[in-house]
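Structural features, examined
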Amino acid sequence: MTIPADIAKDIVDPTAYADGDRVDQAFAWLRKEAPLDVAQPEGFDPFWVVTRHADILEVERQNELFHNGDRATVLTTIEADRKVREMMGGSPHLVRSLVQMDNPDHFAYRKVTQGSLLPQNLRALEARIREIARGFVDRMAEHGDRCDFARDVAFLYPLHVIMEVLGVPESDEPRMLKLTQELFGNADPDLNRSGKTITDAGEGVDSIQSVVMDFMMYFNAMTEDRRAKPRDDLASIIANGKINGEPMGHLEAMSYYIIAATAGHDTTSSTTAGALWALAENPEQFAKVKADPSLISGLIEESIRWVTPVKHFMRTATADAELAGKKIAKGDWLFLSYPSGNRDETVFEDPFSFKVDRTPNKHVAFGYGAHICLGQHLARMEMRVLWEELLPRLDSVELDGAPTRMTANFVCGPKAVPIRFKMH
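Being a predicted model, the structure only gives us computed values, none of them experimental.

Right, let's get into the sheet that holds strand β14 (residues 418-423). Read from one edge to the other, the open sheet built from 3 strands follows the order β4-β14-β11, with strand pairing classed as antiparallel. Edge strands, defined here as strands with exactly one partner in the open sheet, are β4 (146-148) and β11 (394-399). The sheet shows a mean angle of 30° between the axes of neighbouring strands, direction not considered. In the sheet, β4 pairs with β14 via 3 bridges, with the strands oriented antiparallel. Looking at the pairing, C147 lines up with I419 of β14.

Right under this line is the structure:
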């Protein structure tokens, strides 16, 4: 049996993710009726849809059996895949970051920056991050009693932190935000480069490729600068990073910058915006965390689970395998649905409720195993510091209109979160 056409369409439709409820309902149906089955929406190669928490962990645990890089790592149409391979000399990837790599490359490239992103080495940044957070809380207070929390605070604070860590000057932050939104929001007419809904696969690839080229031109100049004059920043580590004693390849170095400059803030921004949206809708949860600051870590984990900004990654089977009693053939493509894993009723009690004191909270939003998110500790620190600064000053918050989400099926989070608030 294959997944019904209407459900398969919702899995891939960017507007279903913008809707939120529509995609939640599709995955809730799948977890119950077809937790591991094949979808074949029009225009796509067939792929397995992995919806349960346990099955996602099982795939992520077996890196040699389920590869990231053999086929496209993000769901793509047959036509878009053909065009990318044509442009990239047979490779299915426009960029080659850690996300598109398997071992031994993945391990070697990850090692280049891993040390600087470990909790013990991030502690040195905390005072500076707190200063930045306090500045954004002050700026929020200056808005009076209403603002768009997504655009005025959540998008800008993690952006400023990662750009400072990376070594990008503050004057270039608006450009980096715009390029990030064009990259992840390619299906969203409000965010993409064309300003319209892109229906042609080739045009979609061209649009993403032009954003990637802009990033590469920027970071190419930065690489030359940091090779000539290294500084104490992440850009210098990447520019001078060695793989097996040799400098990184050009595509790999550029891709390293791009993932740091995009995923390094966008997912944290989405989670932060989604957290305040949830608190505004759940005043009892807001009161609970405000009264007990020890619940801030619970708020952070629950907001990561709740928003799950990265909606999926693809894996490719390197050999015949069995998963949850189903026969997976060598070469099969698997779609790991992180929001579905994070709403799995067998793991999370009352998964469609936002609870700041949810425990345990073993969400899969950062992935699992060898490919677990490299920036997870920095993301958690940024969110903790912001809530430590904001919650004591925020007396009340409520929605001031309907929030909206990005139209995207890969990385998707709030686009606008209009709020009314009282601060002191």
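Within the largest apolar cluster, 133 residues are counted, with the highest numbers of intra-cluster contacts made by I11, F47, M140, L166, M176, F219 and W387. With 14 residues, helix α14 (residues 250-281) is the single largest residue contributor to this core.

Turning to the sheet that holds strand β7 (residues 312-317), a few remarks are in order. With mixed pairing, 5 strands are arranged side by side in an open sheet as β1-β2-β10-β7-β3. Across the chains shown, the open sheet's two edge strands, defined by having one partner strand only, are β1 (36-39) and β3 (66-67). Here 3 bridges tie strand β2 (residues 47-50) to strand β10 (residues 333-337), and the two strands are oriented parallel to one another. For V50, the partnering residue across the bridge sits in β10 and is L336. Across the sheet, helix α4 (residues 53-61) lies against β2, β3, β7 and β10, angled at about 125° from β10, the strand it touches most.

Turning next to the pattern of salt bridges. On inspection of all chains with the given rule, the structure shows 44 salt bridges. A salt bridge links E302 to R358; its shortest N-O distance comes to 3.0 Å. On the criterion of sequence distance, the pair formed by E302 in helix α16 (residues 296-307) and R358 in the loop between α17 (338-341) and α18 (376-390) is long-range, its members being 56 residues apart. For the pair E302 and R358, one class covers both residues: buried. Look at the salt bridges and you will find they share partners, linking E126, R130, R134, R384, E388 and E389 into a network.

Viewed as axis vectors pointing N to C, α14 and helix α15 (residues 283-291) meet at an angle of 110°, and their least axial separation amounts to 5 Å. Taken together, the axes of α14 and α15 lie roughly perpendicular to each other. When α14 is examined against α15, the residues L279, A280 and E281 are found in contact with a partner set consisting of P283, Q285, F286 and V289. By residue class, the composition of the contact of α14 with α15 is 5 nonpolar, 1 polar and 1 charged.

Bringing the packing of α14 against α18 into the picture now. Axis separation between α14 and α18 bottoms out at 10 Å; the angle between their running directions is 40°. In terms of orientation, α14 lies oblique with respect to α18. For α14 against α18, the interelement crossing comes out right-handed. On α18, the residues touching T268, T271, T272, A275, L276 and L279 of α14 are A379, E382, M383, L386 and W387. Here the residues of the contact of α14 with α18 are counted per class, giving 7 nonpolar, 3 polar and 1 charged.

Another aspect to go through is the pairing of β10. Taken residue by residue, a regular strand's side chains alternate between the two faces of the sheet. The buried fraction of β10 amounts to 5 of the 5 residues, a majority that puts the element mostly inside the structure. In the sheet, β7 pairs with β10 via 5 bridges, with the strands oriented antiparallel. Bridge pairing in β10 places T316 opposite W333.

With 12 residues, α16 should cover 16 Å at 1.5 Å per step; its first-to-last C-alpha distance of 16 Å lies within 8% of that length. As for α16, its buried residues are in contact with α14, α15, α18 and β13 (414-416). A positive phi of about 40° marks T308, the residue just after α16.

Reading guide: rules and limits
- Residues numbered from 1 in each chain as written.
- Predicted model: local features only at pLDDT ≥ 70, side-chain atom pairs only at ≥ 80, totals over all residues.
- Heavy atoms only, no water.
- Pairing = 2+ DSSP bridges.
- Helix = DSSP H or I, 4+ residues; strand = E, 2+ residues; numbered from the N terminus.
- Axes fitted to C-alpha atoms, helices over the stretch in contact; angles between N-to-C directions.
- Core = buried A, V, L, I, M, F, W, Y, C linked by side-chain atoms within 4.5 Å.
- Buried < 20%, exposed > 50% of the residue type's maximum accessible area, 1.4 Å probe, protein only.
- Contact = heavy atoms within 4.5 Å.
- Salt bridge = Lys/Arg side-chain N within 4 Å of Asp/Glu carboxyl O.
- Parallel < 35°, antiparallel > 145°, perpendicular 65-115°, else oblique.
- Nonpolar A, V, L, I, M, F, W, Y, C, P; charged D, E, K, R; others polar.
- Left-handed = near helix turned anticlockwise from the far one by under 90°.
- Expected span 1.5 Å × (residues − 1).

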